[in-house]
Amino acid sequence: MKLCNHFIIFIFFIISCSTSKDKEIMLTSGIDFNRVDTNVRPQDDLYRHVNGKWLRETKLPDDKARYATFTILREKSREDVRNIIEDAAKKKSVIGSDNQKIGDLYHSYMDTNTLEDLGTKNLEKEMNKISAIKNLSDLSEYMAYADIFTTAPFGVYVYIDSKNPDEHVTYLSQSGLGLPNRGYYMDEDDKSKNIRKEYINHISKMFELYGMSNSDNLANIVMNIETRLAMFHWKKEKNRDPVLTYNPSSMNELRSLIPEIDWDRWILGTEISGLNKIIISQSDYLKNIRDIITQTSIKDWKVYYKWALINRFAGLMSSDFDKQNFYFYRTVLSGVKKMEPRWKRGVSVVSGSMGEIIGKVYVEKHFDQKAKDRMIDLVENLRKAYKAGIEELDWMGDSTKKQAQYKLGRFRPKIGFPDKWKDYSQLSIEPDNLINNIKNSILDRTRKNREKLGKPIDREEWGMTPQTVN
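Small disclaimer: the values here were computed from a predicted structure and weren't measured.

Caption draft 1: Representation of the environment of Ser 215 in the model. Considering the arrangement of structural elements, one finds Ser 215 in helix 10 (residues 215-232). Taking the C-alpha atoms as reference points, Ser 215 and Lys 205, 10 residues apart in sequence, are found 7.2 Å from one another. Look past the residues within four positions of Ser 215 in its chain and what remains in contact with it is Ser 204, Phe 207 and Glu 208.

Given below as structure tokens:
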């Protein structure tokens, strides 16, 4: 959460417990703003009455899918982070130091000449790993490995047990699609049909860029597998139900759902120790995809996973992959006409990979301990005001007031930055191997997640970085 001088955003967050972006006045690609009626009556459409003129006259930037007040704040934050990163990149730092990691990761992204020369070379080792899959047992282990780095039909992660918030548990959830959700595969409107057509063409072009022959056929193999998986994906509305998506299971029960999978090798690939209790998010999903897992040929699974690999790292390779990836995922899906400048994308990559390293410097420059202390005082004064206000309410019963006061007392405000920073000492970064750097970052983040299993809940951990606008 970025606070800096924008204290009012945080105050609004505390009061409403939500700063969702749909509360902003927002431009979004795909809307015909020339049709906005600025003279609409407030009783007919208050939103258009108040904001119509701005919506009509404000131009959506070509490199944005949406534009609102948060966009402005995010751009300011990104400029500030850029200065931090570029300062680090200019220094000659000791190997393993924060500055070395920041600078070398940024350099590996910005060095487009090296990326052009490398082409697809840095993916060869991963491609060979897929080519070496011989049977369902090999596939079982690779499935868990792919879940970490690319995608797989189902994925696992460690998180707080939603029905026992004092312990961590492993969740298993549907996954494996290259399009955002099942609707893109199932819906029969013209837009969805066109997206599917474009997606198949996109996969084919990516395979062709990689130098694979018969790319059209390969693209259809991928689309066939993804569509069959999508058929059994739950709709997004159903996935929002906290009761339906809480299905405790054990490894023995998991083995019985798809007994053909070599679950011991799958567990090995997850990097999770002590895997026992598992919460299955979609109760019938594994049972439903059993035939897809077992009846799809190993040859076709290799095609699917090679696509997942190319798709995951396309934006980190030479410009032909980067541009084609942008065309489909940003232009076709989101209506964005123009790539952001490379420095902006590089800043996002570095901040996303080692956000709290950046955050430590960021708060020194833009939101120090004195500013944090002032905000803590402000929030505690708000809490006192709420406490007194609740007691004075004449419409609230005593038992309800008691619950309200309990809830108010349980708030744990997190202001500006954490008291304890994440440890990135195990993360290795090189100046000239972007893909390997991102793999190392993914693995570091994954291992941090896996290590939580069996440990107490760290209630002081932050889920976002200080420079994040949210």
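Caption draft 2: Inspection of the packing of aromatic side chains at higher detail. The tally for this structure, following the rule as stated, stands at 16 aromatic pairs. Ring centres 4.8 Å apart and planes at 50° place the aromatic pair Tyr 145 and Phe 149 in the tilted group. In this pair, Tyr 145 and Phe 149 both sit in helix 7 (residues 136-149), 4 residues apart, roughly one turn of the helix. Neither residue differs from the other here; Tyr 145 and Phe 149 are each classed as buried. The structure contains a cluster of three or more aromatic residues connected by ring pairs, namely Tyr 142, Tyr 145, Phe 149, Trp 301, Tyr 304 and Tyr 305. Here Arg 342 stacks its cationic end above the ring of Tyr 109, 4.0 Å away from the centre of that ring.

Caption draft 3: Broad picture of the environment of Trp 263. With respect to the helices and strands, Trp 263 occurs in helix 13 (residues 263-270). Residues Trp 263 and Glu 141 lie 122 residues apart in sequence; the distance between their C-alpha atoms is 8.0 Å. Not counting chain neighbours up to four residues away, the residues in contact with Trp 263 comprise Phe 154, Met 251, Leu 254, Arg 255 and Ile 258.

Caption draft 4: Representation of the pattern of salt bridges. With the rule as written, the count across this model stands at 31 salt bridges. Between Arg 345 and Asp 322 there is a salt bridge, with the nearest N and O atoms lying 2.9 Å from each other. With Arg 345 in helix 18 (residues 342-353) and Asp 322 in helix 17 (residues 319-332), the pair connects residues that are 23 residues apart, well separated along the chain. Of the charged contacts, one joins Glu 356 and Lys 422 as a salt bridge, the two residues approaching to 3.3 Å between their closest N and O atoms.

Caption draft 5: Broad picture of unusual backbone geometry. Of note in this structure, Asn 214 is not a glycine but carries a positive phi near 55°. Inspection of the secondary structure puts Asn 214 in the loop between helix 9 (190-210) and helix 10. Judged by relative accessible area, which is 51%, Asn 214 ranks as exposed. The backbone phi angle of Glu 271 is positive, close to 65°, even though this residue is not glycine. Residue position: Glu 271 is located in the loop between helix 13 and strand 6 (278-280). Judged by relative accessible area, which is 33%, Glu 271 ranks as partly exposed.

Caption draft 6: The environment of Gly 119, seen in detail. The topology assignment puts Gly 119 in the loop between helix 5 (112-118) and helix 6 (124-131). Spatially, the C-alpha atom of Gly 119 lies 37 Å from that of Phe 232, the residues being 113 residues apart in sequence.

Caption draft 7: A look at helix 17. In a regular helix each residue adds 1.5 Å, so 14 residues correspond to 20 Å; helix 17 covers 18 Å between its end C-alpha atoms and thus fits that length. Phe 326 marks where helix 17 bends most, by close to 25°. Of all the residues in helix 17, the buried ones are Phe 321, Asp 322, Gln 324, Asn 325, Phe 326, Phe 328 and Val 332. As for helix 17, its buried residues are in contact with helix 9, helix 16 (298-313) and helix 18.

Caption draft 8: Representation of the nonpolar core within the structure. Counting residues in each nonpolar core, the largest one holds 96 residues, and the members touching the most others are Phe 154, Leu 172, Leu 254, Trp 266, Ile 289, Tyr 305 and Met 354. In this view, Met 354 contacts Lys 101, Ile 102, Leu 105, Tyr 424, Leu 427 and Ile 429; residues no more than four positions away in its chain are not counted.

Caption draft 9: Expanded view of the side chain of Thr 120. By the secondary structure assignment, Thr 120 is in the loop between helix 5 and helix 6. The exposure class assigned to Thr 120 is buried, which follows from its relative accessible area of 18%.

Caption draft 10: The packing of helix 18 against helix 22 (residues 434-450), seen in detail. The contact between helix 18 and helix 22 brings their axes to 10 Å, and the two run at 30°. In terms of axis orientation, helix 18 runs roughly parallel to helix 22. Contacts between helix 18 and helix 22 involve Val 349, Gly 352 and Ser 353 on the former and, on the latter, Ile 438, Ser 441 and Arg 445. For the contact of helix 18 with helix 22, the residue count by class is 2 nonpolar, 3 polar and 1 charged.

Caption draft 11: Summary view of the sheet that holds strand 3 (residues 154-161). On the basis of which strands lie adjacent, the open sheet formed by 4 strands has the order 3-4-6-5 and mixed pairing. Strand pairing shows two members of the sheet lacking a second neighbour, strand 3 and strand 5 (247-249), which therefore form its edges. Geometrically, the sheet is characterised by an average inter-axis angle of 35° between neighbouring strands, direction not taken into account. Both strand 3 and strand 4 (residues 164-174) contribute to a ladder of 8 bridges, which runs antiparallel.

Caption draft 12: Fine view of the packing of helix 9 against helix 17. Two elements in contact, helix 9 and helix 17, have axes separated by 10 Å at closest approach and are oriented at 170°. Classified by the angle their axes make, helix 9 and helix 17 are roughly antiparallel. Here helix 9 contributes Ile 195, Glu 198, Tyr 199, His 202, Lys 205, Met 206, Leu 209 and Tyr 210 to the contact with helix 17, which in turn contributes Asp 320, Phe 321, Gln 324, Asn 325, Tyr 327, Phe 328, Tyr 329 and Val 332. Here the contact of helix 9 with helix 17 is composed, by residue class, of 10 nonpolar, 3 polar and 3 charged.

Caption draft 13: Structural detail: helix 22. Spanning 17 residues, helix 22 covers 24 Å between terminal C-alpha atoms, matching the ideal 24 Å at 1.5 Å per step. Of all 17 residues in helix 22, 12 are buried, a share of seventy percent or more. Within the sequence span of helix 22, burial applies to Leu 434, Ile 435, Asn 437, Ile 438, Lys 439, Ser 441, Ile 442, Leu 443, Asp 444, Thr 446, Asn 449 and Arg 450.

Caption draft 14: Structural detail: the pairing of strand 4. Both strand 4 and strand 6 contribute to a ladder of 3 bridges, which runs parallel. Each residue of the ladder has a partner; that of Tyr 171, found in strand 6, is Ile 279.

Caption draft 15: Spotlight on the side chain of Glu 226. Tracing the chain through its elements places Glu 226 in helix 10. Within the buried set, Glu 226 has no salt-bridge partner at all; the shortest N-O distance to an opposite charge, 11 Å, is to Arg 196. Side-chain polar atoms of Glu 226 contact the side chain of Tyr 185, separated by 2.4 Å. Not counting chain neighbours up to four residues away, the residues in contact with Glu 226 comprise Gly 176, Leu 177, Gly 178, Leu 179, Tyr 185, Tyr 199, Tyr 304 and Trp 307.

What counts and what doesn't
Residues numbered from 1 in each chain as written. Predicted model: local features only at pLDDT ≥ 70, side-chain atom pairs only at ≥ 80, totals over all residues. Heavy atoms only, no water. Helix = DSSP H or I, 4+ residues; strand = E, 2+ residues; numbered from the N terminus. Contact = heavy atoms within 4.5 Å. Phe/Tyr/Trp six-rings, centres within 6.5 Å; stacked < 30°, edge-to-face > 60°. Buried < 20%, exposed > 50% of the residue type's maximum accessible area, 1.4 Å probe, protein only. Lys NZ or Arg CZ within 6 Å of the ring centre and 35° of its normal. Salt bridge = Lys/Arg side-chain N within 4 Å of Asp/Glu carboxyl O. Expected span 1.5 Å × (residues − 1). Bend = angle between axes of the 7 residues up to and from the residue. Core = buried A, V, L, I, M, F, W, Y, C linked by side-chain atoms within 4.5 Å. Axes fitted to C-alpha atoms, helices over the stretch in contact; angles between N-to-C directions. Parallel < 35°, antiparallel > 145°, perpendicular 65-115°, else oblique. Nonpolar A, V, L, I, M, F, W, Y, C, P; charged D, E, K, R; others polar. Pairing = 2+ DSSP bridges. Lys, Arg positive; Asp, Glu negative; His and termini not counted. Polar contact = N/O pair within 3.5 Å; in protein donor to acceptor, adjacent residues only side chain to side chain.

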